[in-house]
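# Report on the structure
The lines below spell out each chain.
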Amino acid sequence: MQTKLLQAAIIAAITVPCFAQDWIGLNYNAATGATSRGAVGINAGEVMTRIDGEELAGWGAQTPGFRTVTSLFYVVQDQNAATPENYDIKLYPEDPLNPGFPQLTAGVVYRAGIAGPTGTGIVALAMTVPPATPGVGDSVPIQGGGDVFVSFAVPAAGWSADGLSFHIVLGYAPSASFTVYDIPGLAQGPTPPPAGAPWNSHGLSFIPPAAISYSGRRNINIDVAHTTSGGRALAITNQTSYVASNNPPPAGWGPAPGTGDMLSGVNPDAVGGNPGRVDDMTMEYYRTGMGTGALVVFLYDLGSFGPEVPVSFFTPGTGMLCLNLLSMQTLGVVINTTLDEAWLVTSFPAPARPLLAGLPVTQQAASLDATGQVHASPCSRQVF
């Protein structure tokens, strides 16, 4: 593993064509802790993040049996932008014979030949990238546990003096020089974590033709857009190393409190597994064009997701119902006052916190528009 602290002072937003879509919220209040090529180092290879099918459901479901990505957000960095390089983005489904790992033979090229940063010295670019041709390379089949792997294929480089890398969210501090990191609950193991594995990390590396390996606890700081409403379960923490997750959010973050990353965002520390932690949870909902004054219903259940059923099977609307229809409950109802966005915070009283250990909670939100149509968010699952 090689990581390097973020040194870029310039992060440029790139404007690219996009279509009707909403971001799911995987990087909601997710703070970059480093830039990394994973275990690829000086080699040509692929740096990946796993979107876990047990943590997120009901997204990218416009084609039955597939997950479809309409745009990707991430930050790419070049340690020497005077020597520009190109890279590719690939999508892989989970290997049903090797859970937690991608099936390399079933991957698709989402976009090829993307130009990296240019300029002088270290330069980082915030990228919003749709597929080159919608309908080509933007979908992968749902297999195994339903994981989807977003992979960045980079050329060989003189790392770390030169070469492309990608901003990551760290799940621990590899050394004292790393000051921004998010320590999840004990469902992802103690800190410092053991060697990276599917149960305690979302970051992988692949140097062909060697085996794929997991890096120490992390995820690439990405977000995914799809064609229906966005929404993500968030974890509110009191970490001084990860103030983006605090309540209230610091200036420049929010407006909802909590992080949607793949660390505390999916494994909040509500029981104090890390001394002093008293995490709470938020469900955040977003729909472009919702405006304000819309009714938004927040639902929850315990356990795993239910079958994915189109909202339109029951009533006019968009999105998928993915909680268990026979056991889900209403957590709350909100009339939104923030443009296109609503959220509901659930705080846990101190006497109840010991009872939360290991508890799996699933959440979903849906809004009602002026025409009576229902628009459902994806479903999120958190394990305390």
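Look up: the structure comes first, before these words.
Numbers given for residues are sequential positions, taken from 1 along each chain in its written order. Given that this is a predicted model, residues contribute local features only at a pLDDT of at least 70 and side-chain atom pairs are listed and counted only at 80 or more, while totals for whole chains, interfaces and linings are drawn from all residues. Hydrogens and water are ignored here; the side-chain numbers use all heavy atoms of the structure.

### What to know about the overall build of the protein chain
The helix and strand labels rest on DSSP assignments: H or I over at least four residues marks a helix, E over at least two residues marks a strand, and numbering proceeds from the N terminus. Regarding its fold elements, the protein chain presents 0 helices and 29 strands. The atom set for the radius of gyration is the C-alpha atoms, and the globule formula is 2.2 Å times the number of residues raised to the power 0.38. Radius of gyration (C-alpha) of the protein chain: 20 Å, near the 21 Å computed for a compact globule of 384 residues. Referenced to the eigenvectors of the C-alpha coordinate spread, the extents of the protein chain come out at roughly 55 × 50 × 45 Å. For the protein chain, buried positions account for 56% of its 384 residues. Carbon and sulfur atoms provide 61% of the accessible area of the protein chain, an area that totals close to 14,400 Å². Note on exposure labels: buried denotes an accessible area under 20% of the residue type's maximum, exposed denotes more than 50%, and partly exposed covers the range between, all computed with a 1.4 Å probe on protein chains only. Surface exposure here means Shrake-Rupley accessible area, sampled with a 1.4 Å probe, where a residue is shielded only by the protein chains that are shown.

### Description of the pattern of salt bridges
We count a salt bridge whenever a side-chain nitrogen from Lys or Arg sits within 4 Å of a carboxyl oxygen from Asp or Glu. Inspection of every chain in the model, using the stated rule, returns 6 salt bridges. Glu-308 is the salt-bridge partner of Arg-67, the closest N and O atoms lying 2.7 Å from each other. Of this pair, Arg-67 sits in strand E7 (residues 66–68) while Glu-308 is found in the loop between strand E21 (295–302) and strand E22 (309–310), placing the two residues 241 residues apart along the sequence. Relative accessible area serves as the criterion here: at 5%, Arg-67 is assigned to the buried category. Linked by salt bridges that have partners in common, Arg-50, Asp-52 and Asp-147 make up one network.

### A word on empty space enclosed by the protein
In this analysis a 1.4 Å probe is tested at points of a 1 Å grid over the protein atoms alone, and where it fits but cannot get out there is a cavity; an open set with protein on both sides within 12 Å along at least five of seven lines is a pocket; lining residues have an atom within 4 Å of a point. Grid points are joined across faces, edges and corners, and a volume is the space filled by probe spheres set on the points. This structure, assessed with the given rule, holds 2 cavities of 30 Å³ or more. Here the largest cavity is characterised by a volume of approximately 50 Å³. In terms of lining residues, the largest cavity is bounded by 13 residues, among which Val-47, Met-48, Gly-203, Leu-204 and Arg-218 are the most central. For the lining of the largest cavity, the secondary structure elements donating two or more residues are strand E5 (45–51), strand E15 (203–206) and strand E17 (218–220). Residues are sorted three ways: Asp, Glu, Lys and Arg are charged, Ala, Val, Leu, Ile, Met, Phe, Trp, Tyr, Cys and Pro are nonpolar, and all the rest, Gly among them, are polar. When the residues that make up the lining of the largest cavity are grouped by side-chain class, the tally is 5 nonpolar, 7 polar and 1 charged. The wall of the second largest cavity is formed by Leu-26, Arg-50, Ile-51, Asp-52, Glu-55, Leu-56, Arg-232 and Met-262.

### Here's the deal with the sheet that holds strand E20 (residues 280–286)
At least two DSSP bridges between two strands are needed for those strands to be called paired. Taken in spatial order, the 3 strands make up an open sheet running E19-E20-E26, and their pairing is antiparallel. Here the strands that pair on one side only, and so sit at the sheet edges, are strand E19 (230–236) and strand E26 (341–346). Taken over all neighbouring pairs, the strand axes of this sheet differ in orientation by 15° on average, direction set aside. In terms of strand pairing, E20 meets E26 through 6 bridges, oriented antiparallel. In the sheet register, Glu-284 faces E26, and the bridge partner there is Trp-343. Think of each axis as a best-fit line through the C-alpha atoms, taken over the contacting stretch in the case of a helix, with angles from 0 to 180 degrees between the N-to-C directions.

### What about the state of the cysteines?
Disulfide: a pair of cysteine sulfur atoms within 2.5 Å of each other. Scanning all chains against the criterion turns up 1 disulfide. Each disulfide pairs two cysteine sulfurs, and for Cys-322 the partner residue is Cys-379, the sulfurs being separated by 2.1 Å. An S-S torsion of about 100° defines the bridge between Cys-322 and Cys-379 as right-handed. Of this pair, Cys-322 sits in the loop between strand E24 (320–321) and strand E25 (329–335) while Cys-379 sits in strand E29 (residues 379–383); the two residues are 57 residues apart in sequence, bridging distant segments of the chain. A relative accessible area of 0% means that Cys-379 is categorised as buried.

### Considerations on the packing of aromatic side chains
The aromatic pairing rule takes the rings of Phe, Tyr and Trp, using the six-membered ring of Trp, and pairs them if the centres are within 6.5 Å, calling planes under 30 degrees apart stacked, those over 60 edge-to-face and the rest tilted. Within the structure shown, the criterion is met by 8 aromatic pairs. Summarising the aromatic geometry, the rings of Phe-101 and Tyr-214 are spaced 5.3 Å apart at their centres and angled 85° between planes, so their arrangement reads as edge-to-face. With Phe-101 in the loop between strand E9 (86–93) and strand E10 (108–115) and Tyr-214 in strand E16 (residues 213–214), the pair connects residues that are 113 residues apart, well separated along the chain. A relative accessible area of 18% means that Phe-101 is categorised as buried. Its relative accessible area of 10% is what places Tyr-214 among the buried residues. Three or more aromatic residues joined by ring pairs form one cluster here, namely Tyr-74, Tyr-87, Phe-152 and Phe-166.

### Describing the environment of Val-333
Structurally, Val-333 can be placed in strand E25. Along the backbone, Val-333 and Leu-344 are 11 residues apart, and their C-alpha atoms lie at a distance of 8.3 Å.

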